[in-house]
Amino acid sequence: MHKHSILQNLPIKKRSGYLLFCSVLILLIMGAFIISALVGSVNIRPDWIGKIIVNKTVGRDIFAKAWKDTDESIIWTIRIPRVILAFLVGAGLSLCGILMQALTKNSLADPYVLGISSGASAGAVFVIMYGAFSFAGSYHIMVGATIGAVLSIMLAMKVSAVNNRITSTQLVLAGIAVSALFTALTNFMIYYRQTGSDKVKTALYWMMGSLSGATWDRMFYIASVCAVCTVLIYLFSGSLDVLLLGDDAAVTLGVNIRRIKICIIILCTVLTGAIVSVSGVIGFVGLVIPHITRSFVGSKHSRLIPAAVLLGGLFLILCDAVSRVAVSPSELPLGVVTSFFGAPFFLALIRKNGNTFRGRN
Amino acid sequence: MSKLKVENLDYSIGEKQLLESIDLKIDEGEFVGLIGPNGCGKSTLLKNIYRVCQPDRGVIYLDNENIHSLPGKETAKRMAVMVQENNVEFDMDVLEMVLLGRYAYKKIFADSTDIDKEAARKALLSVGMEDYEERSFLSLSGGEKQRVLIARALAQQAHLIILDEPTNHLDIGYQYQIMRILKEQHITVFSSIHDLNIALHYCDRIILMKDGHIIGGGVPAKALTPQMIRRLFGIEARMGKSRLTGKIQVEYLPD
């Protein structure tokens with residue numbers, strides 16, 4: 001009976017309820033942060049994590065060192081940046097999902113479904129296999145991934161535009177085709193190079209998504225991209241609300257849809273390119289998280305965006321922890337874990353939308 | 001004073017000429033109906049006016065200003081539009097839906113102000129949906145949704161409202177109710193209308209369209225002759241005065 005009344009009150013309407021929801025998410029994220037930093041092959045005591053963070057950020061040994069140097073280096077240089085990166089990747093992918101859903105007015109759209117992730121992945125694999133863009137130094141994979149993302153979304157938009165107008169159904173269908181094309185390209189590059197070489201192993205492993213290459217540098221890079229994009233997207237939140245009504249209605253309500261669509265595409269491409277370059281292809285986060293968040297806080301973007309960022313971050317921290325313990329001592333690709341959650345969810349959504357999943361002309 | 005003026009408008013898709021040399025003028029405070037058979041270009045004309053389609057040639061004036069020189073938000077403050085929205089997939093509650101009508105008035109980063117909420121509530125009140133504020137939009141019936149969309153257009157507080165078949169798919173009670181709501185607003189209304197009796201009852205003036213041209217117009221009771229109805233719709237009809245209301249009505253005489 002009690003549970004029933006909770007469900008009836010969703011989505012949360014009151015401001016206080018919304019803030020409570022976000023606070024709970026932040027607490028869960030802190031819990032997940034500690035758990036995720038603890039799990040792994042080396043045993044670590046929970047209190048060490050906080051102490052090491054304090055010591056490192058202050059730059060002095062405020063807490064007496066009760067741990068070995070190797071433990072400290074594992075926690076500080078490997079696990080902590082990895083957990084933060086997991087949060088950022090989850091948050092960023094959720095944002096991309098929200099953007100693509102507003103662009104296509106379709107709750108099934110996300111960068112993975114639309115083929116942008118595959119495009120970014122092909123660009124990154126090209127760089128790994130052939131060593132292109134070496135002028136960009138350690139950022140060469142990021143450059144390759146962003147270019148791949150740009151190409152894939154341009155192709156998807158070009159194919160789906162009829163009379164300079166893009167309908168949702170066409171965009172989603174084009175996404176499927178683009179995704180297939182770029183995945184084929186990636187596979188071709190890998191098999192052309194013969195299987196078995198180290199590069200192929202890296203590329204293959206990375207195609208399925210992983211955060212094992214997390215470093216502080218990468219974390220800061222993604223953090224700055226995510227922060228800038230989040231602020232910009234938040235600026236557009238009013239326009240995104242109106243865009244959900246359809247292009248025609250948005251025009252009549254005063255939205256400059258051409259401008260907003262270009263902004264969405266640019267933001268989404270940059271974000272996806274950056275994320276894929278550090279984490280590889282991680283599917284379905286952008287699909288599952290916005291959907292679940294909407295059922296809690298509603299469709300209004302000024303509420304949806306902060307909550308989805310938190311929930312997406314939490315989800316990926318947990319998935320990353322699962323990927324490290326599920327088949328320990330080796331590691332499961334992160335994309336496999338998210339797909340195990342996401343793919344059934346995708347199927348359920350398609351079934352649920354069976355009657356309403358049709359394009360808008 | 002002319003509220004809306006269309007001069008010499010042409011519109012085509014590919015080789016197909018959908019609208020040709022359209023001229024029309026709507027004065028402030030008029031209730032004007034746009035009438036014609038399916039596929040004659042009514043919706044296309046309205047879409048050109050509310051800026052979803054770009055005309056090939058011709059100018060549209062809103063308050064004597066070229067509409068294409070106005071920013072989108074300015075247009076939305078002067079002209080509200082109500083079209084069918086059957087494909088909204090993301091749910092929101094009724095008040096949120098109506099508040100979207102206030103988009104043009106919003107400042108960046110600002111949430112809905114009290115003025116916005118007041119305008120939205122007033123609009124809901126005038127369509128008789130004031131008790132539905134917190135209901136989910138997608139759970140409403142067709143007629144209720146339509147009334148909420150009208151409320152959204154009214155919340156724009158524009159002096160001109162354009163409607164594309166506002167009563168389509170509605171039962172007869174709702175059809176008359178919606179037209180009555182519009183009539184009560186004391187704003188300029190330009191609407192495509194299917195039902196000739198509704199046009200006769202509510203319109204100050206009608207504009208008749210066929211095959212992408214305007215072929216006539218005027219006061220409904222005078223412009224809608226049996227000959228004109230035959231020409232537009234290919235059906236025999238007879239005009240007569242209702243014994244109860246004293247208004248002119250159409251009676252159809254199919255073969």
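Residues numbered from 1 in each chain as written. Chains lettered and ligands numbered in written order. Predicted model: local features only at pLDDT ≥ 70, side-chain atom pairs only at ≥ 80, totals over all residues.

Student: Describe the overall build of chain B, naming the residues involved and giving the relevant values.
Tutor: Secondary structure summary: chain B contains nine helices and 12 strands in total. A globule of 255 residues ought to have a C-alpha radius of gyration of about 18 Å, and chain B, at 19 Å, matches this closely. For chain B, the spread of C-alpha atoms along the three principal axes comes to 55 × 45 × 35 Å. By residue count, 42% of the 255 residues in chain B fall in the buried class. (Helix = DSSP H or I, 4+ residues; strand = E, 2+ residues; numbered from the N terminus. Rg over C-alpha atoms; globule rule 2.2 N^0.38 Å. Buried ≥ 20, exposed ≤ 12 C-beta atoms within 10 Å, placed from the backbone.)

Student: Describe in detail the interface of chain B and chain A, supporting the description with residues and values.
Tutor: Between chain B and chain A, the contact holds 27 residues from the first and 26 residues from the second. Taken together, the residues that form the side of chain B that touches chain A break down as 14 nonpolar, four polar and nine charged. (Contact = placed C-beta atoms within 7 Å. Nonpolar A, V, L, I, M, F, W, Y, C, P; charged D, E, K, R; others polar.)

Student: Run through the sheet that holds strand β8 (residues 188-192) of chain B, naming residues and quoting values.
Tutor: Residue and element names in this part refer to chain B. Ordered by their spatial adjacency, six strands build an open sheet running β6-β7-β8-β3-β9-β10, and the pairing between neighbours is mixed. A single partner strand is all that each edge strand has here, and the edge strands are β6 (79-82) and β10 (213-218). Each strand axis lies, on average, 15° off the axis of its neighbour in the sheet, ignoring direction. As judged from the four bridges shared by β6 and strand β7 (residues 160-164), these two strands associate in the parallel manner. Bridging from a neighbouring strand, Met-82 pairs with Leu-163 of β7. (Pairing = 2+ DSSP bridges. Axes fitted to C-alpha atoms, helices over the stretch in contact; angles between N-to-C directions.)

Student: Describe in detail the confidence of the model for chain A, supporting the description with residues and values.
Tutor: Mean pLDDT over chain A works out to 84, with 90% of the residues at or above the 70 mark. Low pLDDT (under 50) marks residues 354-361 of chain A, which in the prediction has 13 contacts with non-local residues, meaning those over four places away or in another chain. (pLDDT = per-residue confidence, 0-100.)

Student: Quick one: what's the story with helix α4 (residues 114-126) of chain B, residue by residue and with numbers?
Tutor: Every α-helical turn comprises 3.6 residues, leaving residues that sit three or four positions apart pointing alike. Residues and elements named next belong to chain B. Over its 13 residues, α4 runs 18 Å from end to end, which matches the ideal 18 Å to within 8%, given 1.5 Å per residue. Each element contacted by the buried residues of α4 is listed here: α3 (94-99) and α5 (142-155). Where α4 ends, the next residue or the one after it, Gly-128, has phi of about 70°, a positive value. (Expected span 1.5 Å × (residues − 1).)

Student: Pulling in residues and values, what's your account of the environment of Leu163(B)?
Tutor: Residue and element names in this part refer to chain B. Along the chain, Leu-163 turns up in strand β7. Separated by 29 residues in sequence, Leu-163 and Ser-192 place their C-alpha atoms 6.4 Å apart. For Leu-163, the residues in contact, after removing those within four places along its chain, are Met-82 and Ser-191.

Student: Account for the confidence of the model for chain B, naming residues and giving values.
Tutor: The predicted coordinates should not be examined in detail at positions where pLDDT is low. Residues and elements named next belong to chain B. Averaged over all residues, the pLDDT of chain B equals 91, while 98% of them reach at least 70. Ranking the elements of chain B by mean pLDDT puts helix α6 (residues 172-184) last, at 88, and strand β9 (residues 205-210) first, at 96. Per the prediction output, this complex has pTM 0.87; the corresponding ipTM is 0.89.

Student: Describe the environment of Ala161(A), with residues and values.
Tutor: All names here are of chain A. Within the fold, Ala-161 resides in strand β1 (residues 161-162). A count of 14 C-beta atoms within 10 Å places Ala-161 in the partly exposed class. Taking C-alpha positions, Ala-161 is 9.8 Å from Ala-174, a pair spaced 13 residues apart along the chain.

Student: An account of unusual backbone geometry is needed here, citing residue identities and associated values.
Tutor: Residues and elements named next belong to chain B. The phi dihedral of Ser-21 is positive, around 45°, even though this residue is not glycine. Assignment of secondary structure puts Ser-21 in strand β2 (residues 16-27). Taking the C-beta count within 10 Å as the criterion, Ser-21 has 13 such neighbours and is therefore assigned partly exposed. With phi around 55°, His-186 is a residue other than glycine that occupies positive phi space.

Student: Give a detailed account of the pairing of β2(B), specifying residues and quantitative values.
Tutor: Residues and elements named next belong to chain B. Relative to β2, strand β1 (residues 2-13) is paired through eight bridges, and the arrangement is antiparallel. Residue pairing across strands places Ser-12 opposite Gln-17, the latter belonging to β2. What sits between β1 and β2 in their antiparallel hairpin is a turn of two residues, with Gly-14 showing a positive phi close to 60°.

Student: Kindly report on the sheet that holds β1(B), identifying the contributing residues and their values.
Tutor: All names here are of chain B. As summarised here, the arrangement of the four strands in space is β2-β1-β4-β5, forming an open sheet in which the pairing is antiparallel. Among the strands making up the open sheet, the edge pair consists of β2 and β5 (65-66). Together, β1, β2 and β4 (57-62) form the strand contacts of helix α1 (residues 42-49), whose direction differs from that of β2 by roughly 65°.

Student: Residue-level account of the packing of helix α13 (residues 285-297) of chain A against helix α14 (residues 301-325) of chain A, with values.
Tutor: Residues and elements named next belong to chain A. Relative to each other, α13 and α14 sit at 130°, their axes nearing to 9 Å. One way to sum up the angle between α13 and α14 is to call them oblique. For the element pair α13 and α14, the recorded crossing hand is right-handed. Across the interface between the two elements, Val-285, Ile-289, Pro-290, Ile-292, Thr-293, Arg-294, Phe-296 and Val-297 from α13 touch Arg-303, Leu-304, Ala-307, Ala-308, Leu-311, Gly-312, Phe-315 and Leu-316 from α14. Grouping the amino acids of the contact of α13 with α14 by side-chain chemistry returns 12 nonpolar, two polar and two charged. (Parallel < 35°, antiparallel > 145°, perpendicular 65-115°, else oblique. Left-handed = near helix turned anticlockwise from the far one by under 90°.)

Student: How would you sum up the packing of helix α4 (residues 69-104) of chain A against α14(A)? Please name residues and give values.
Tutor: Residue and element names in this part refer to chain A. α14 packs onto α4 with a crossing angle of 135° between their chain directions and a minimal axis gap of 7 Å. Classed by the angle they form, the pair α4 and α14 counts as oblique. You can see that α4 and α14 cross each other, and the crossing is right-handed. The residues of α14 that touch α4, namely those facing Val-83, Ala-86, Phe-87, Val-89, Gly-90, Ala-91, Leu-93, Ser-94, Leu-95 and Ile-98, are Leu-304, Ile-305, Ala-308, Val-309, Gly-312, Gly-313, Phe-315, Leu-316, Ile-317 and Asp-320. Taken together, the residues of the contact of α4 with α14 break down into 15 nonpolar, four polar and one charged.

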